[in-house]
Amino acid sequence: MRVLGIETSCDETGVAIYDSEQGLLGDVLYSQVKMHAEYGGVVPELASRDHVRKLLPLLDEVFQNAGLEKGDVDALAYTSGPGLIGALMVGASTGRALALAWDKPAIGVHHMEGHLLAPMLEEHPPSFPFVALLVSGGHTQLVQVDGIGQYALLGESLDDAAGEAFDKAAKMLGLDYPGGPLVAQHALQGDRTRFRFPRPMVDRPGMDMSFSGLKTYTLNTANDHRDNDGRIDDQTMCDIAAAFEEAVVDTLAIKCKRALQHTGFKQLIIAGGVSANQRLRERLEEMVVKERAELFYARPEFCTDNGAMIAYAGCQRLMAGQHSGLEIVTKPRWPLDTLAPL
Amino acid sequence: MSNILALDTSTDACSVALSCNGEIKEDFRIIPRQHTQQLLPMIEAILADAGIAISALDAIAFGRGPGSFAGIRIATGVAQGLAYGADLPVLPISTLESLAVSAAKAEGADNIVAALDARMDEIYVASYRIENGLPVMELREQVAAPSTFAVDAEGYLAVGSGWRYFEAMPESVKRAVQLSTETYYPSSKSMLVLALDAWAQGKGVSPELALPVYLRDQVAWKKKDQQ
């Protein structure tokens, strides 16, 4: 089965074609990050407007890249949620109407299920069951995955998502939006031992997390090291970034370890924007070796939002006979553990 | 007459209209927040009733705004999706012109000021002179505070939800207009009148150029250096 996937849940317009026999045939993405950077964060109305302008040109491009005639797919999958309602609406209304015009089935896909299954697009995919760490600007969740649609929440952040904490720490350090990757870049040059930030909630049992305190800690540490002009020297900046990153990564690693031990599973997958973080991958590699387990993640461009993961997730459900009706389905809030199993 | 499907979701009303083999049919419903559930089934039903496939249409028309941002994006998305999928041109139609067509037909007025509630104490407004049943724009479409807009002649019929701000409007406007006692919504049927005319004039565009007209382009977003 060949499925066109459309992703418009936030600030990237992604379109891809996945074929269950031939794999990924085409994948294109337009990122609005630069536009939103001028505003210091995602402006939902502007995101929606940009999706409207970009979606059809990207559809042309993906069919061209795949070497396919326009419309040469068996079904269509679009992101229904969670995400920004206005942004979701663009992909959902265009995608659903397009499927009607083609007289093909369509399905609304859960954005985080897309992320969770993204490592399946790699050459060496995990197999069920596994533990998934979904870690992005909007989510930080540990999920027990027994199969597609069989998700049990093991723990989650009770306040800021890890990626959000990265962005906020960047703001505290005066770095530009989106600051998360810049914090990681600075951390590369930093001394990870000069400052020690707390590891929130690791002394408590369970797999819930909390990251909101780390931004205050970052700000206080930065303020303690400002010169008379309020500036922080480059090395100190890098050292603070490293201490922050180490605290987040360490916390995630501790919770992931608990999740592996709790489930007895031997596979851990990480997905979402923060799963591209180099230090997180290193730290988790070390941890899984000790646990005699294995770590899986997607290539960097499939860690962030993309159409390929939506096409893939949609394809799995469509092949199992699931599809949506003629309604345009958007679910800005949609708990992962309410999904139907295959 | 050409085969054109028109759709509109710019207000609480949701409507689809079809011109097929010289006959015009409309399905018009007031369904706040239900547009996403009902629009495509309405389209499928009106096409099935007429026994015409999407691919047999000549063009798709849609209410391109001004109106609720979410609403006009639903219409835009559906029009883009249908037209892209069936290789059809698109006719973007003004919601304010649509109001003017409805009122001109129902009340026989020659001069019309159409206004829609734009929320945030503003209105979308434009005025038209009716020639041969079709509106010719005089006051260009704009988003304005009710107290700031002006019409330069008298004898206008005032239609649309924007007139709920009548009390806040300047005396000159209050003198120049007569409030219609009827409630008009932008509708796909009146859009079809405009679409058939636009189609005859060769005004169809390719689907990726079928874009909303928001009028309000500065709301709650400020660049960092302006914050």
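Here is what the cut-offs are and how they apply
- Residues numbered from 1 in each chain as written.
- Chains lettered and ligands numbered in written order.
- Predicted model: local features only at pLDDT ≥ 70, side-chain atom pairs only at ≥ 80, totals over all residues.
- Heavy atoms only, no water.
- Helix = DSSP H or I, 4+ residues; strand = E, 2+ residues; numbered from the N terminus.
- Rg over C-alpha atoms; globule rule 2.2 N^0.38 Å.
- Buried < 20%, exposed > 50% of the residue type's maximum accessible area, 1.4 Å probe, protein only.
- 1 Å grid on protein atoms, 1.4 Å probe; cavity = no way out; pocket = protein on both sides within 12 Å on 5 of 7 lines; lining within 4 Å.
- Points joined across faces, edges and corners; volume = space filled by probe spheres on them.
- Nonpolar A, V, L, I, M, F, W, Y, C, P; charged D, E, K, R; others polar.
- Axes fitted to C-alpha atoms, helices over the stretch in contact; angles between N-to-C directions.
- Parallel < 35°, antiparallel > 145°, perpendicular 65-115°, else oblique.
- Left-handed = near helix turned anticlockwise from the far one by under 90°.
- Contact = heavy atoms within 4.5 Å.
- Arc of directions from axis to C-beta.
- Phe/Tyr/Trp six-rings, centres within 6.5 Å; stacked < 30°, edge-to-face > 60°.
- Lys NZ or Arg CZ within 6 Å of the ring centre and 35° of its normal.

Caption draft 1: Layout of the overall build of chain B. Helix and strand counts for chain B stand at five helices and eleven strands. Against the globule reference of 17 Å for 227 residues, chain B gives a C-alpha radius of gyration of 18 Å, in line with a compact fold. Taken along the three principal axes of its C-alpha coordinates, chain B extends 50 × 50 × 30 Å. Sorting the 227 residues of chain B into buried and exposed places 56% on the buried side.

Caption draft 2: Just the layout of surface pockets, in detail. Here the second largest pocket defines a volume of roughly 950 Å³. Looking at the lining of the second largest pocket, the elements with two or more residues in it are helix H3 (85-102) of chain A together with helix H1 (35-50), helix H2 (69-86), strand E6 (111-117) and strand E10 (156-159) of chain B. For the lining of the second largest pocket, the element with the highest residue contribution is H2 of chain B, accounting for five residues. The residue makeup of the lining of the second largest pocket, split by class, is 18 nonpolar, 15 polar and eight charged.

Caption draft 3: Seen up close, the packing of helix H5 (residues 162-172) of chain A against helix H7 (residues 212-224) of chain A. Residue and element names in this part refer to chain A. Running from N to C, H5 and H7 point in directions that differ by 20 degrees, and their axes come no closer than 9 Å. In terms of their interaxial angle, H5 and H7 are classed as roughly parallel. Between H5 and H7 lies a crossing of right-handed hand. Here Lys168, Ala169 and Met172 of H5 lie close against H7, whose contacting residues are Lys215, Thr218 and Leu219. Here the contact of H5 with H7 is built from residues that sort into three nonpolar, one polar and two charged.

Caption draft 4: Fine view of H5 of chain A. All names here are of chain A. Burial in H5 covers these residues: Ala162, Gly163, Ala165, Phe166, Ala169 and Ala170. The arc enclosing the buried residues of H5, seen along the axis, measures out at 155 degrees, which places them on a common side. Elements in contact with the buried residues of H5: strand E6 (130-135), strand E7 (140-147), helix H6 (180-188), H7 and helix H8 (234-263). Backbone geometry just downstream of H5 places Gly174 in the positive-phi region, at approximately 75 degrees.

Caption draft 5: Summary view of the packing of aromatic side chains. Applying the stated criterion across every chain yields a total of nine aromatic pairs over all chains. Arranged with centres 5.0 Å apart and planes meeting at 75 degrees, the rings of Tyr18 of chain A and Tyr312 of chain A form a pair that is edge-to-face. Here Tyr18 of chain A, found in strand E2 (residues 12-19), pairs with Tyr312 of chain A, found in helix H11 (residues 307-319); they are 294 residues apart in sequence, far enough to count as distant. Note on accessibility: Tyr18 of chain A and Tyr312 of chain A belong to one class, buried. Consider the rings of Phe197 of chain A and Tyr217 of chain A, whose centres lie 4.8 Å apart with planes at 65 degrees: the pair is edge-to-face. Taken together, the positions of Phe197 of chain A in the loop between H6 and H7 and Tyr217 of chain A in helix H7 put the pair 20 residues apart, joining distant regions of the chain. Looking at Phe197 of chain A, the relative accessible area reads 1%, which means it is buried. Assessed through its relative accessible area of 36%, Tyr217 of chain A is described here as partly exposed. In this structure an aromatic cluster arises from ring pairing among Phe149, Trp163 and Phe166 of chain B. One Lys or Arg, Arg49 of chain A, reaches over the ring of Phe69 of chain B and ends 4.8 Å from the middle of that ring. When the ring centre of Tyr214 of chain B is taken as reference, the NZ or CZ atom of Arg49 of chain A above it lies at 3.6 Å.

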